[in-house]
Amino acid sequence: MTEPQQTHTPVGLIAFAWALVGVPLVYGLYQTIKTASSLFS
Amino acid sequence: MAVPSFLARERIIARPGFNRWLIPPAALAVHLCIGQVYATSVYKLALQKDFGTSLTRIGIIFSIAIVMLGLSAALFGTWVDRNGPRAAMFTAACFWSAGFLIGSLGIATGQLWLLYLGYGVIGGIGLGIGYISPVSTLIKWFPDRPGLATGMAIMGFGGGALIATPLSRQLMGLYDPAYDGTAATVASGDAVAKLFVTLGLVYLVFMMFGAFIVRVPADGWRPDGFDPATVKQKALVTTDSVSAGNAIRTPQFWLLWVVLFCNVTAGIGILEQASPMIQDFFRNGGTSAVAVAAAGGFVGVLSLFNMAGRFVWSSTSDKIGRKPIYMVYLGVGLVMYVLLATVGSSAPWLFVVLAAVIISFYGGGFATIPAYLRDLFGTYQVGAVHGRLLTAWSAAGVAGPLIVNGVLDSRGTPGQLVAGDYRPALFIMVGLLAVGFVANLLVRPVAARWHEPKADPSLPTSTPETSAAR
């Protein structure tokens, strides 16, 4: 699906917002996978 | 109850061309913070030692928070729908953060009741309002993919614990050098108090960010290329509106309440006992083939599947429909539970696979329910309807542990249980899933007499506030 062409939302703001929630989430996922890996070792 | 003008719904109506992909991170900013409630086990022992009390009395803090979540979501759902997501997220941030700060004061001064009041009651209110705050907005921004949209946000709730658990360990290690994050050491009460202050302030900033970037779509907005008529063609999907007050008078609401209650209770049956359960299933002659560290890894695997299930299954429901996906959660879940009870102890890998699939259905059940409500009752007051339905979660939060702990207490002493001791509890869960499966089968479209009257096209579109006053 395509978004409207004449967006008023700065791309930088969207990228910043996603990074702000994405970075902690990746940190949490990494730490959990590290813990989970002990099940298979 | 009026809100300050900078929080009002009218102030956050998106201008034409607003990019809706800014809304999921706003929702995630809230859900990633409030998901911390499932990371309380990380400082449970430290609090027990600091207060010199039982684990049960410390566990009450969590129980109060979950009960308050359900109650506040039910009580404030209409307020949230009327005033919009910014007011709701702002309020949730204040309550959630205040809960941590008051809780911290309780730890620092050795007063457990302040923890009950702060984290439990006040924080719990923040949990309930925060949980439902972005749901109706996401559904309105993503009418073409409501399952994906709510799945993203509610996945964040699962992700919140994944972040808070290791982060809390690291922070407590920073505040108490004697604590190394392993089971061999326990953090001091002072370190937990400082952790609470830190989390309270960090969560306040994060949630406020979500509150200030969130927008609601203008009346009549729809995504490019989206034709509401295509949605209407699907069975059970309505383009009509049912108010929250009327929704709870329909059989559909109570059937979904039973569906959610059964699905959550069954999931809690495993989550509640995950770590000791895997050790008990492979216990032979007093010792378990599964080490403590590996059991901790099993809890991590379940967390990952819980989170992934929220996103994957909820998104899948956009393709196959809400009723069929719940038939999978409850029907396939039932078969998985039977297999777990009968052949689950034959191999650790089989036990892990079965439990992981069950927990992915548990997460999926949470994430898909808002879209199911949207299908049946429309978008009009879906946040308020969702809030009322979350009382099923509170009830399951009490029933699940009661069933499991009740059965296990009657079978023997912790540390000496074996797979067979879990069987009665697992078969109770099978029965519950069967009840939920039948309830889901009975769901039919809502009768037209519950629908709100259609607005006269010659008049301005009604707002939730004016309609709710009817």
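Please read all numbers here as calculations on a predicted model, not as lab measurements.

**Student:** Please clarify how the overall build of chain B should be interpreted in this entry.
**Tutor:** Helix and strand counts for chain B stand at 18 helices and two strands. C-alpha extents for chain B along the principal axes are approximately 75 × 50 × 35 Å. The burial tally for chain B puts 59% of its 470 residues in the buried class. Counting contacts in chain B only where the partners sit at least 6 residues apart, residues at least 24 apart contribute 84% of the total. Split by element, the accessible area of chain B, about 17600 Å² in all, is 66% carbon and sulfur. A gap of 4 Å separates the mean positions of the 31 positive and 20 negative side-chain charges of chain B.

**Student:** Would you explain the environment of Leu174(B) in this entry?
**Tutor:** Residues and elements named next belong to chain B. Along the chain, Leu174 turns up in helix 6 (residues 146-175). Taking the relative accessible area as the measure of exposure, Leu174 reaches 62% and is therefore exposed. Spatially, the C-alpha atom of Leu174 lies 34 Å from that of Pro401, the residues being 227 residues apart in sequence.

**Student:** It is not clear to me how the packing of helix 10 (residues 251-271) of chain B against helix 13 (residues 322-343) of chain B should be interpreted in this structure. Could you clarify?
**Tutor:** For any two helices packed against each other, one specifies the inter-axial angle together with the distance between the axes. Residues and elements named next belong to chain B. Interhelical geometry of helix 10 versus helix 13 gives an angle of 35 degrees and a closest axis separation of 11 Å. The two elements helix 10 and helix 13 meet at a crossing, and its hand is left-handed. Each of Val259, Asn263, Ala266, Gly267, Gly269 and Ile270 in helix 10 lies in contact with helix 13, whose residues at this interface are Tyr326, Tyr329, Leu330, Tyr337 and Leu340. Broken down by class, the residue content of the contact of helix 10 with helix 13 amounts to eight nonpolar, three polar and no charged.

**Student:** Would you mind going over a nonpolar patch on the surface with me for this structure?
**Tutor:** All names here are of chain B. A cluster of nonpolar side chains, Val67, Leu71, Leu75, Val398 and Leu402, forms an exposed patch at the surface whose accessible area comes to about 470 Å². Taken together, the elements giving at least two residues each to the nonpolar patch come down to helix 3 (55-109) and helix 16 (391-411). Counting residues per element, the nonpolar patch draws most heavily on helix 3, which supplies three residues. Accessibility expressed as a relative area gives 43% for Val398, which makes it partly exposed.

**Student:** It is not clear to me how the domain arrangement of chain B should be interpreted in this structure. Could you clarify?
**Tutor:** By a widely used convention, the size of an interface equals the accessible area lost when the partners come together. Residue and element names in this part refer to chain B. Each assigned domain of chain B is listed with its residue range as follows: domain 1 (1-219) and domain 2 (231-453). Inter-centroid distance (C-alpha atoms) of domain 1 to domain 2 is 23 Å. Counting residues at the interface gives 31 residues for domain 1 and 30 residues for domain 2. Interface area for domain 1 against domain 2, summed over the two sides, is near 2600 Å², with a carbon-plus-sulfur share of 70%. The largest contributions to the domain 1 side of the interface with domain 2 come from Ile139, Met155 and Leu162, which together make up 18% of the buried area. Among the elements that make up the side of domain 1 that touches domain 2, the one with the highest residue count is helix 6 (12 residues). Taken together, the residues of the side of domain 1 that touches domain 2 break down into 19 nonpolar, nine polar and three charged.

Reading guide: rules and limits
- Residues numbered from 1 in each chain as written.
- Chains lettered and ligands numbered in written order.
- Predicted model: local features only at pLDDT ≥ 70, side-chain atom pairs only at ≥ 80, totals over all residues.
- Heavy atoms only, no water.
- Helix = DSSP H or I, 4+ residues; strand = E, 2+ residues; numbered from the N terminus.
- Buried < 20%, exposed > 50% of the residue type's maximum accessible area, 1.4 Å probe, protein only.
- Contact = heavy atoms within 4.5 Å.
- Areas by Shrake-Rupley, 256 points an atom, 1.4 Å probe, with all protein chains shown as cover.
- Lys, Arg positive; Asp, Glu negative; His and termini not counted.
- Charge placed at Lys NZ, Arg CZ, Asp CG, Glu CD.
- Axes fitted to C-alpha atoms, helices over the stretch in contact; angles between N-to-C directions.
- Left-handed = near helix turned anticlockwise from the far one by under 90°.
- Nonpolar A, V, L, I, M, F, W, Y, C, P; charged D, E, K, R; others polar.
- Patch = residues over 30% accessible without salt bridge, like charges linked within 9 Å, V, L, I, M, F, W, Y side chains within 5 Å.
- Salt bridge = Lys/Arg side-chain N within 4 Å of Asp/Glu carboxyl O.
- Domains from an automatic or database assignment.
- Buried area = accessible area lost by both parts, 1.4 Å probe.

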